[in-house]
Amino acid sequence: GAGVSQSPSNKVTEKGKDVELRCDPISGHTALYWYRQSLGQGLEFLIYFQGNSAPDKSGLPSDRFSAERTGGSVSTLTIQRTQQEDSAVYLCASSSNRGLGETQYFGPGTRLLVL
Amino acid sequence: AQTVTQSQPEMSVQEAETVTLSCTYDTSESNYYLFWYKQPPSRQMILVIRQEAYKQQNATENRFSVNFQKAAKSFSLKISDSQLGDTAMYFCAFGQSSGSRLTFGEGTQLTVNP
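Criteria and thresholds
- Residues numbered from 1 in each chain as written.
- Chains lettered and ligands numbered in written order.
- Predicted model: local features only at pLDDT ≥ 70, side-chain atom pairs only at ≥ 80, totals over all residues.
- Heavy atoms only, no water.
- Helix = DSSP H or I, 4+ residues; strand = E, 2+ residues; numbered from the N terminus.
- Rg over C-alpha atoms; globule rule 2.2 N^0.38 Å.
- Buried < 20%, exposed > 50% of the residue type's maximum accessible area, 1.4 Å probe, protein only.
- Pairing = 2+ DSSP bridges.
- 1 Å grid on protein atoms, 1.4 Å probe; cavity = no way out; pocket = protein on both sides within 12 Å on 5 of 7 lines; lining within 4 Å.
- Points joined across faces, edges and corners; volume = space filled by probe spheres on them.
- Nonpolar A, V, L, I, M, F, W, Y, C, P; charged D, E, K, R; others polar.
- Contact = heavy atoms within 4.5 Å.
- Buried area = accessible area lost by both parts, 1.4 Å probe.
- Salt bridge = Lys/Arg side-chain N within 4 Å of Asp/Glu carboxyl O.
- Polar contact = N/O pair within 3.5 Å; in protein donor to acceptor, adjacent residues only side chain to side chain.
- Axes fitted to C-alpha atoms, helices over the stretch in contact; angles between N-to-C directions.

A.B. asks: Run through the overall build of chain A, naming residues and quoting values.
C.D. replies: Per the secondary structure count, chain A includes zero helices and 11 strands. Traced from its N-terminal end to its C-terminal end, chain A shows the element sequence β-β-β-β-β-β-β-β-β-β-β. By the compact-globule yardstick of 13 Å for 115 residues, chain A fits well, its C-alpha radius of gyration being 13 Å. By its C-alpha atoms, chain A is 40 × 25 × 25 Å across when sized along the principal axes. Per-residue burial for chain A yields a buried fraction of 48% across its 115 residues.

Below you can see the structure in the form of C-alpha cells.
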C-alpha cells in the first residue's frame, strides 16, 4: 500500500510569512508524529497525534507552531511568522496503534527554507 | 529524559566488508524499544531493524544485525557484506513502551567505497 506522503516537497518562503505543511499517513494508522531535522542534526520531536487529539505537543518550539489533524487522517503543521531558524526538514511519521513500541514509518519530508 | 548518543559522526567501509556502528542510550525505563533507521540522500527515513528490550535475543534482518547489551545500555548495528546502496546516514532511536515519541541520536554518516 501507499506510504506516508508529505507536501510540498520543498518550500521557500520569506521571513514573516505563514506556511502550511501537509502529511498523509498510511491508511488505517491512528498515530501520527511530526519531527524536525535541522541541517546535519538528528530528529527533534514536535507533536504526536492519536486520532484527532494531540496528547503530546511538548516539542513545539514556540506558539508560532501549531498542528491539527482531521478525520483521523491528514495532518497540517502550520508555522506562523516564519523565522530563519525555522529552516529545516519537517518529517511526518505514522504508526498503527497507540504508538506503544510500534514502528514509525516516515514520509519523505518537507524541506523548508526561510529567506 | 532519555538520551541517545552516536559517537561516530562518520565512518567508511570497503564494499563487501563488515562495519559496526555504535549507539549508547540512557534511560531509567525497564521496557523500551530500540531502532536503527537509515536516511539516504533522498531524505526518506527507512527502518533497518528494531529490538524490544525485553528480548534477550539480538535482532537480525538479512545483512543487518544488532548487538544489544541492556546492562551496558549499548545497541550497535553490524552491517555485513556492505553494499554501495548502504551509503546513508544511520540513526539510532529509542522508544518508550508507555510513550510515543522517538528520541534520536545525531546520526552516523556511512560511506561504502567500491
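A.B. asks: Account for the pairing of strand β5 (residues 32-39) of chain B, naming residues and giving values.
C.D. replies: Residues and elements named next belong to chain B. Of all the eight residues making up β5, eight are buried; the element is thus mostly covered by neighbouring parts of the structure. Where burial is concerned, the two faces of β5 agree: the one with Tyr32, Leu34, Trp36 and Lys38 and the one with Tyr33, Phe35, Tyr37 and Gln39 are both buried. As judged from the eight bridges shared by β5 and strand β10 (residues 88-96), these two strands associate in the antiparallel manner. Residue pairing across strands places Tyr33 opposite Gly95, the latter belonging to β10. Sheet topology note: the β5/strand β6 (residues 46-52) ladder contains six bridges and is antiparallel.

A.B. asks: Could you give an account of the layout of surface pockets, with specific residues and numbers?
C.D. replies: Of the pockets and cavities examined, the largest pocket occupies roughly 380 Å³. Around the largest pocket, the lining comprises 20 residues; the ones closest to its centre are Gln37, Leu39, Gly40 and Arg111 of chain A together with Gln39 of chain B. Of all the elements in the fold, those that place two or more residues in the lining of the largest pocket are β9 (88-95) and β11 (110-114) of chain A together with β10 of chain B. Classifying every residue of the lining of the largest pocket gives 10 nonpolar, eight polar and two charged.

A.B. asks: Tell me about unusual backbone geometry, residues and numbers included.
C.D. replies: The step from Ser7 of chain A to Pro8 of chain A runs through a cis peptide bond, and the omega angle for that step is -10°. Within the secondary structure, Pro8 of chain A is located in the loop between β1 (5-7) and β2 (10-13). Of note, the phi angle at Arg81 of chain A is positive, near 50°, even though the residue is not glycine. In this structure, Asn62 of chain B is a non-glycine residue whose phi angle is positive, near 55°. Relative to the elements of secondary structure, Asn62 of chain B occurs in the loop between β7 (60-61) and β8 (64-69). Assessed through its relative accessible area of 76%, Asn62 of chain B is described here as exposed.

A.B. asks: Can you explain the interface of chain A and chain B? Please cite residues and give values.
C.D. replies: Contact with chain A, which involves 27 residues of that partner, is made by 21 residues of chain B. Buried area between chain A and chain B, summed over both chains or domains, comes out near 1800 Å², and the portion from carbon and sulfur atoms is 46%. Among the salt bridges present, the one from Asp56 of chain A reaches Arg101 of chain B, with a minimum N-O distance of 3.2 Å. At the boundary of chain A with chain B, the tally comes to 10 residue pairs in polar contact (both at pLDDT 80 or more). Where the side of chain A that touches chain B is concerned, the elements lending two or more residues are β4 (31-37), β5 (43-50), β9 and β11 of chain A. Of the residues in the side of chain A that touches chain B, the class split is 10 nonpolar, 14 polar and three charged.

A.B. asks: An account of the side chain of Thr110 of chain A is requested, with residue identities and associated values reported.
C.D. replies: For Thr110 of chain A, the position within the fold is in strand β11. Of note is the side chain of Thr110 of chain A, whose polar atom sits 2.5 Å from the backbone oxygen of Pro8 of chain A. Ignoring any residue separated from it by four or fewer positions in sequence, one finds Thr110 of chain A in contact with Gln6, Ser7, Pro8, Ser9, Lys11, Leu21, Ala88, Val89 and Tyr90 of chain A together with Arg43 of chain B.

A.B. asks: Now, about the sheet that holds β1 of chain A: what can you tell me, with residues and values included?
C.D. replies: All names here are of chain A. Strand order in the open sheet made by the four strands is β1-β3-β8-β7, with antiparallel pairing throughout. The open sheet has two edge strands with one neighbour each: β1 and β7 (65-69). For this sheet, the mean angle separating the axes of adjacent strands, direction not counted, is 15°. Of the strand pairs in this sheet, strand β3 (residues 19-24) and strand β8 (residues 75-79) are connected by five bridges, and their pairing is antiparallel. Residue pairing across strands places Arg22 opposite Thr76, the latter belonging to β8.

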